[in-house]
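# Summary of the model geometry
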Amino acid sequence: MFATLSLPAGHELPAPQGAPTVRVRSADELCNALRRARARALTLDGSGMDRVLRIDAARGLIEVQAATSWAVLAAQLAPHGVPLEPFARLSALPATVGEAVSLAAAGPDGLPVAAHVTALTLATPDGELRRADRDANRELLKTVLGGQGVIGVLYSLTLSVESLRRSAASASAAVELDIPAATAPRAAAWSARYLLPPDQLDAFLKDVRALVEERRPALLGISVRRYLPDASCRLNWATREWAGVQLRFGIRTTVGASVGATEVRRLLLAAALARGGSFPISEARDATRSQLALCYPMLGEFLAEKRCVDPAGRLHNAWYRDMTAKLRTEPCDVRWGRA
């Protein structure tokens, strides 16, 4: 079976040639579609799973389908006196709640949105519905939160309204640093994020400027955000307070320019790690196997768990294929450990 997903979500696969598109709106439709996909490839469109399912005012909880947007969530909670506009306005946050949780993206205060999840419901690759919360199936919950969408297909998420409110109330904007304007025209742009100990931020920015002077990439912008620690995810990038640095570059659409951009990204990553830094696991395209083992010693265990819940490899994406290829083909001089 080869299924593609569109929630919309990151790491989407290209549709297999001739594969039908199945749009699902409910848990039953989702599970039935995954069961059908055992025999025939299909494209699974979950963008219709975009409804608020319930608001439990007494317990301070709200359950939403995975493709619900932050704008819809904010509109639903506004009459209850819970202003969530900072979530809806945050351009760096994926548009849907499910994608943001799958990537453990940082919310407006820098805390991963996974921290606000009290329970979730997902469909396994075999089409079975499973529920996990902070008390029951806790290990499954930790594996799915920040699990890059490869453990199962999220159907719904239950969020703590008070936790969301505190996050929105503590919102802080990214700081844009002044840089000389790029003079050469560019046809496209790329960006990369790095995580630095706050006391190493200035030193890393000096490394960036030195590299820009040497390699002459068209640096378009630098922004810095504060990221807060959280232990909700097994595949956890938020291990401590970080200064998150996003670098934006212009690039010509030529093979040579693409190769040069890749080399610059790898040099920047090496500079960040040399300063005691890290990188979001969702942006591990330029990391070597040794760098992955250094920053994410739990990755091998996570991928083993993925194979246990999906032995037939029915659910995968570009991120998963990249990670398994690195572990299979690249040498590693760092011992894999446990989280």
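Residues numbered from 1 in each chain as written. Predicted model: local features only at pLDDT ≥ 70, side-chain atom pairs only at ≥ 80, totals over all residues. Heavy atoms only, no water.

## Let's talk about helix α6 (residues 161-169)
Within the span of α6, buried status applies to Val161, Ser163, Leu164, Ser167 and Ala168. Axial view of α6: buried residues confined to an arc of 160 degrees, hence all on one face. Of the surrounding secondary structure, the elements contacted by the buried residues of α6 are β5 (61-65), α2 (70-77), α3 (85-89) and β8 (153-160). (Buried < 20%, exposed > 50% of the residue type's maximum accessible area, 1.4 Å probe, protein only. Helix = DSSP H or I, 4+ residues; strand = E, 2+ residues; numbered from the N terminus. Arc of directions from axis to C-beta. Contact = heavy atoms within 4.5 Å.)

## Thoughts on the confidence of the model for the chain
When pLDDT is averaged along the chain, the result is 89, and 90% of the positions lie at 70 or above. For the stretch residues 1-13, pLDDT sits under 50, and the model shows 50 contacts to residues farther than four places along the chain or on other chains. (pLDDT = per-residue confidence, 0-100.)

## What about the packing of aromatic side chains?
Applying the stated criterion to the full structure yields six aromatic pairs. Seen from their ring centres, Trp70 and Phe87 are 4.9 Å apart, and the 20 degrees between their planes marks the pair as stacked. One end of the pair, Trp70, is in helix α2; the other, Phe87, is in helix α3, with 17 residues separating them in the sequence. For Phe87, a relative accessible area of 1% translates into the label buried. Aromatic side chains Tyr194 and Phe204 sit 6.0 Å apart centroid to centroid with 55 degrees between the ring planes, which places their arrangement in the tilted category. Here Phe204 lies in helix α7 (residues 201-215) and Tyr194 lies in strand β10 (residues 188-196), a separation of ten residues in the sequence. When sorted by exposure, Tyr194 lands in the same class as Phe204, which is buried. Between the NZ or CZ atom of Arg265 and the centre of the ring of Trp190, over which it lies, the distance is 5.2 Å. Above the face of the Tyr320 ring, Lys306 is positioned so that its terminal group lies 5.2 Å from the ring centre. (Phe/Tyr/Trp six-rings, centres within 6.5 Å; stacked < 30°, edge-to-face > 60°. Lys NZ or Arg CZ within 6 Å of the ring centre and 35° of its normal.)

## A closer look at the environment of Glu29
As for its placement among the helices and strands, Glu29 is situated in helix α1 (residues 27-36). With near-sequence residues (within four places) excluded, Glu29 lies in contact with Arg23 and Val24.

## As for the environment of Thr253
Along the chain, the position of Thr253 falls in the loop between β12 (242-251) and α8 (255-274). For Thr253, a relative accessible area of 63% translates into the label exposed. Along the backbone, Thr253 and Ala189 are 64 residues apart, and their C-alpha atoms lie at a distance of 9.4 Å.

## Description of the pairing of β5
Each regular strand carries side chains that alternate between the two faces of the sheet. A large share of β5 lies buried, amounting to five of its five residues. Alternating residues of β5 divide into Leu61, Glu63 and Gln65 and Ile62 and Val64, and every residue in both groups is buried. Taken together, the four bridges between strand β4 (residues 52-56) and β5 define a ladder with antiparallel strand orientation. Each residue of the ladder has a partner; that of Ile55, found in β5, is Ile62. Linking β4 to β5, which pair antiparallel, is a turn of four residues; within it Gly60 sits at a positive phi near 70 degrees. Alignment of β5 against β8, held across five bridges, turns out to be antiparallel. Looking across to β8, one finds that Val64 is bridged to Leu157. (Pairing = 2+ DSSP bridges.)

## Regarding the nonpolar core
Grouped together as the largest cluster of nonpolar side chains are 83 residues, with contacts concentrated most on Leu73 and Leu299. For this core, the element with the most residues is α8, which contributes seven residues. (Core = buried A, V, L, I, M, F, W, Y, C linked by side-chain atoms within 4.5 Å.)

## Let's talk about helix α11 (residues 318-329)
With twelve residues, α11 extends 16 Å from end C-alpha to end C-alpha; this agrees with the ideal 16 Å at 1.5 Å per step. Three or more residues of α11 are buried, namely Trp319, Tyr320, Met323, Thr324, Lys326 and Leu327. All buried residues of α11 project into a common sector of 155 degrees when viewed along the axis, lining one side. Projecting away from the buried face of α11 at angles above 90 degrees are the exposed residues Arg328 and Thr329. Contact partners of the buried residues in α11: α9 (289-295) and α10 (299-309). The N-cap residue of α11 is Asn317: its side-chain oxygen and the backbone nitrogen of Trp319 are 3.2 Å apart. (Expected span 1.5 Å × (residues − 1). Polar contact = N/O pair within 3.5 Å; in protein donor to acceptor, adjacent residues only side chain to side chain.)

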